[in-house]
Amino acid sequence: MSAAEKKVLIVGGGLAGLACALRLHETGARPLIFEGSDGVGGRVRTDHLDGFLLDRGFQVFLDAYPEAGELLDKESLDLRAFRPGALMHKTSGMRRVMDVFREPRHLMESALAPVGSFADKLRVARLRWRLTRLTTEEIAGHEDMTTESYLQRAGFSASMIDGFFRSFYGGIFLERELQTSSRMFEFTFKMFSQGSATLPARGMGEIPRQLASRLPPGAIRLGAQVTQIQPGSITLESGEQFHGDAVVVATDATTAAGLVSAGGTVGPVWRSVTCLYFAAARSPLDESIIALNGTGSGLVNNVCVPSDLAPEYAPRGQALVSVSVRGTVDPDDLESRVLAELEAWFGGAVREWRHLRTYRIGRALPRQSPGTGFTGPGFRKEAGVYLCGDHIWSASIEGAIISGLRTADAILKPS
Ligand SMILES: Cc1cc2nc3c(=O)[nH]c(=O)nc-3n(C[C@H](O)[C@H](O)[C@H](O)COP(=O)(O)OP(=O)(O)OC[C@H]3O[C@@H](n4cnc5c(N)ncnc54)[C@H](O)[C@@H]3O)c2cc1C
């Protein structure tokens with residue numbers, strides 16, 4: 001049997017499992033995905049509620065992601081871009097901080113915004129210039145440290161770090177302490193500088209849906225919870241057993257650690273987030289931009305209005321407001337506390353907003369400490385099975401896809 005004819009059992013139909021399956025299928029191998037839930041996508045799914053599209057947690061696809069961009073048909077995802085920059089809610093009002101390289105007309109406004117010093121803005125420009133010229137491989141070879149130390153070493157003032165980076169990257173890393181790897185910071189900074197943060201017009205769930213649609217019929221089994229794995233076989237909760245030439249565990253890290261009984265994989269500490277959705281009669285922003293909490297206090301980290309980018313996200317005549325709160329804060333009155341806080345941002349109209357749904361996502365991102373990402377072959381082999389997912393390469397859509405692709409390449413490589 002040639003390597004390409006192998007039958008490969010893949011546990012998990014998130015982006016890593018789907019990317020792995022697709023690469024295997026395109027080279028003639030026979031992947032079979034066992035997905036425990038009722039749909040593909042894992043942490044990237046979209047629910048439909050009363051005509052609204054609710055992504056399970058606010059997230060964006062960076063259209064400069066190199067490998068995800070190559071694997072996906074970006075055109076048919078109909079990506080809608082956020083404007084490059086952000087609005088910062090300060091106690092003194094809303095301030096605009098734009099990427100002036102792409103929106104030069106905001107040069108003065110951004111330079112004068114009370115967010116960091118003028119020297120900080122020059123440091124941002126220098127960082128941008130340097131990182132856009134580096135390849136991901138070069139970034140992966142850099143000394144790794146916490147993002148906080150990196151920014152301090154780069155000379156940024158405390159007011160820039162506290163007033164901008166903690167809110168902007170707090171929404172990306174899901175932690176304000178900026179303890180995430182500086183390589184991850186450099187990589188995402190480069191992606192933001194080279195492209196746009198986007199949403200597919202019909203929701204983030206279109207990304208896994210597109211990958212799944214390119215697999216042959218019968219390649220994905222939904223509701224198939226895997227309880228045991230061995231090097232050449234898996235067992236489902238129902239007791240059914242399947243045999244193959246290779247087994248890939250493409251679940252999140254904590255589940256993988258439980259399934260790979262030989263141990264070795266330690267479950268990560270997770271970064272969590274709570275995402276609240278509200279229906280509004282009109283958009284509080286009225287533009288495709290992310291608004292950040294620049295006050296340093298309060299529950300809310302960031303707010304955006306997906307329907308400003310893509311009207312498909314809300315029924316005609318309504319706006320969908322997405323509010324992210326770091327952690328899985330669980331007071332019974334979370335919704336009313338968030339609304340009370342947002343009145344200071346957007347005024348009394350907030351009182352008319354209708355709460356749609358709240359997602360509390362305990363396992364959103366595996367902690368990515370310095371020295372943990374962007375290294376090695378992009379997969380691991382433990383106890384005779386392959387492990388892939390965002391915990392191996394980088395905690396992102398790109399990282400999950402890269403890990404899936406590398407795993408498939410390793411399986412296909414003639415031994
Ligand atoms: C709220 C939030 C915001 C984010 N923001 C961004 C962002 O803006 N940009 C970005 O690039 N990334 C972002 N990410 C990260 C990105 O979504 C993830 O890194 C990526 O989707 C992980 O994919 P994965 O395939 O590795 O894992 P998962 O998506 O976790 O997929 C694992 C799959 O395995 C299945 N599974 C688990 N156990 C079993 C079992 N026993 N049997 C069968 N199936 C099983 C699960 O149901 C799941 O479908 C965000 C994530 C979250 C949650």
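Predicted model, so just to flag it, every value in this text is computed and none were measured. (Residues numbered from 1 in each chain as written. Predicted model: local features only at pLDDT ≥ 70, side-chain atom pairs only at ≥ 80, totals over all residues. Heavy atoms only, no water.)

Points about the overall build of the chain
As a reminder of what qualifies: The secondary structure listing takes helices from DSSP runs of H or I that are at least 4 residues long and strands from runs of E that are at least 2 residues long, numbered from the N terminus. Throughout, the radius of gyration refers to the C-alpha atoms, and the reference size of a globule is 2.2 Å times the residue count to the power 0.38. Relative accessible area decides the class of each residue, using a 1.4 Å probe on protein chains only: under 20% of the type maximum gives buried, over 50% gives exposed, and in between gives partly exposed. Whether two residues are in contact is decided by their heavy atoms: any pair within 4.5 Å suffices. All accessibility values rest on the Shrake-Rupley procedure with a 1.4 Å probe; residue burial counts only the protein chains present in the view. Here the positive residues are Lys and Arg and the negative ones are Asp and Glu; neither His nor the chain ends is included. The location of each charge is read from NZ of Lys, CZ of Arg, CG of Asp or CD of Glu.
When helices and strands are tallied, the chain shows 14 helices and 21 strands. Whereas a compact globule of 415 residues would reach a radius of gyration of roughly 22 Å, the chain reaches 22 Å, a difference of no more than 12%. Overall size of the chain, expressed as C-alpha extent along the three principal axes, is 65 × 50 × 40 Å. The buried share of the chain, reckoned over its 415 residues, is 57%. Nonlocal contacts in the chain, meaning residues at least 24 apart in sequence, comprise 70% of its contacts between residues at least 6 apart. If you sum the accessible surface of the chain, you get close to 17000 Å²; carbon and sulfur atoms cover 50% of it. For the chain, the distance from the average site of its 45 positive side-chain charges to the average site of its 46 negative ones is 3 Å.

A few points about the sheet that holds strand E13 (residues 241–243)
Heads up, the rule is: A pair of strands is considered paired only if DSSP assigns at least 2 bridges between the two. Under this scheme, a helix contributes an axis fitted over its contacting stretch, all axes are lines through C-alpha atoms, and angles between N-to-C directions fall in the 0 to 180 degree range.
Across the sheet, which stays open at both edges, the 3 strands sit in the order E11-E12-E13 with antiparallel pairing between neighbours. Since the sheet does not close on itself, it has two edges, and those belong to strand E11 (226–230) and E13, each with one partner. The sheet shows a mean angle of 20 degrees between the axes of neighbouring strands, direction not considered. Sheet topology note: the E11/strand E12 (residues 233–236) ladder contains 4 bridges and is antiparallel.

Some thoughts on the nonpolar core
We count it as follows: Nonpolar cores are built from buried Ala, Val, Leu, Ile, Met, Phe, Trp, Tyr and Cys residues. Side-chain atoms within 4.5 Å join them into one set.
Ile10, Leu24, Phe165, Tyr169, Phe185 and Val248 are the most contacted members of the largest nonpolar core, which totals 99 residues. With 9 residues, the single largest contributor to this core is helix H14 (residues 397–412). Look past the residues within four positions of Val248 in its chain and what remains in contact with it is Val8, Leu9, Ile10, Val11, Cys20, Tyr386, Cys388, Thr407 and Ile411. If you look at the next biggest cluster of nonpolar residues, it comprises 23 residues, including Leu276, Leu285, Val305 and Leu342.

Some details on the site of the ligand
Going by this rule: Nearness is judged by heavy atoms alone; a residue qualifies as near a molecule or strand once a single heavy atom is within 4 Å of it. Within 3.5 Å is the distance limit for a polar contact, defined as a pair of N or O atoms, with the added protein rule that one can donate a hydrogen and the other accept it, and that residues adjacent in sequence qualify only through two side-chain atoms.
Of all residues adjacent to the ligand, which total 34 residues, the nearest are Glu35, Arg43, Tyr65, Asp390 and Ile397. Between an oxygen atom of the ligand and a side-chain N or O atom of Asp390, the distance comes to 2.7 Å. Isolated, the ligand exposes 1000 Å² of accessible area, and the fraction of that covered by the protein chains is 91%. Looking at the shell around the ligand element by element, the count peaks at 3 residues for strand E19 (residues 354–366).

Re the domain arrangement of the chain
We count it as follows: The split into domains, and so the bounds of each, comes from an automatic or database assignment of domains. Computed with a 1.4 Å rolling probe, the buried area is the accessible surface lost when two parts are put together, summed over both parts. One speaks of a salt bridge when a side-chain nitrogen belonging to Lys or Arg is within 4 Å of a carboxyl oxygen belonging to Asp or Glu.
When the domains of the chain are assigned, the result is domain 1 (3–45 + 205–268 + 369–412), domain 2 (46–81 + 198–202 + 270–366) and domain 3 (116–195). Distance from the C-alpha centre of domain 2 to the C-alpha centre of domain 3: 23 Å. Across the contact, 17 residues belong to domain 2 and 18 residues belong to domain 3. For the domain 2 and domain 3 pair, buried surface summed over both sides reaches about 1300 Å², with 69% attributable to carbon and sulfur atoms. The tally of links between domain 2 and domain 3 comes to 0 salt bridges. Linking domain 2 with domain 3 are 2 residue pairs in polar contact (both at pLDDT 80 or more). Mapped by element, the contributors of at least two residues to the side of domain 2 that touches domain 3 are strand E15 (270–280), strand E16 (290–293), strand E17 (300–304) and E19.

Topic: the sheet that holds strand E1 (residues 7–11)
If you walk across this open sheet you meet the 6 strands as E10-E2-E1-E14-E21-E20, and the pairing is mixed. Strands with a single pairing partner mark the edges of an open sheet, and in this sheet they are strand E10 (220–221) and strand E20 (380–382). Of the pairings in the sheet, the one linking E1 to strand E2 (residues 30–34) comprises 5 bridges and is parallel in character. Opposite Val8, over in E2, you have Pro31 as the bridge partner. Its contacts with the sheet place H14 against E1, strand E14 (246–249) and strand E21 (385–387), and it is angled at close to 155 degrees to E21.

Details of the state of the cysteines
This is how the line gets drawn: To count as a disulfide, a pair of cysteine sulfur atoms needs to be within 2.5 Å.
Tallied over the entire structure, the rule returns 0 disulfides. Summary of cysteine pairing: Cys275 is not part of a disulfide, and the nearest cysteine sulfur, belonging to Cys304, is at 8.0 Å. Overall, the relative accessible area of 0% leaves Cys275 in the buried class. Here Cys388 is not cross-linked by a disulfide; its sulfur's nearest cysteine counterpart is in Cys20, at 5.2 Å.

Focus on the packing of aromatic side chains
Basically, it comes down to this: Only Phe, Tyr and Trp rings are paired, with Trp represented by its six-membered ring, and only when their centres lie within 6.5 Å; those with planes under 30 degrees apart are stacked, over 60 edge-to-face, the remainder tilted.
Within the structure shown, the criterion is met by 22 aromatic pairs. Ring geometry for Phe185 and Phe189: centres 5.6 Å apart, planes at 45 degrees, overall tilted. Of this pair, Phe185 and Phe189 both sit in helix H9 (residues 182–194), 4 residues apart, which is roughly one turn of that helix. Assigned by exposure class, Phe185 and Phe189 land together as buried. Here a set of aromatic residues connected by ring pairs shows up, and it is made of Tyr150, Phe156, Phe164, Phe165, Phe168, Tyr169, Phe173, Phe185, Phe189 and Phe192.

Looking at the packing of helix H1 (residues 15–26) against helix H10 (residues 206–213)
What describes two packed helices is the angle between their axes and the distance between those same axes. Here is the rule: With respect to orientation, any angle under 35 degrees is reported as roughly parallel, any angle over 145 as roughly antiparallel, any angle of 65 to 115 as roughly perpendicular, and every other angle as oblique. Left-handed describes a crossing in which the near helix is turned anticlockwise from the far one by less than a right angle; the clockwise case is right-handed. Classification used: nonpolar for Ala, Val, Leu, Ile, Met, Phe, Trp, Tyr, Cys and Pro, charged for Asp, Glu, Lys and Arg, polar for all others including Gly.
In the contact formed by H1 and H10, the axes pass within 9 Å of each other and the chain directions differ by 25 degrees. If you check the angle between H1 and H10, you find them roughly parallel. Relative to H10, the crossing made by H1 is left-handed. Two secondary-structure elements touch here, H1 through Leu15, Leu18 and Leu22 and H10 through Ile207, Pro208, Leu211 and Ala212. Its residues assigned to classes, the contact of H1 with H10 comprises 7 nonpolar, no polar and no charged.

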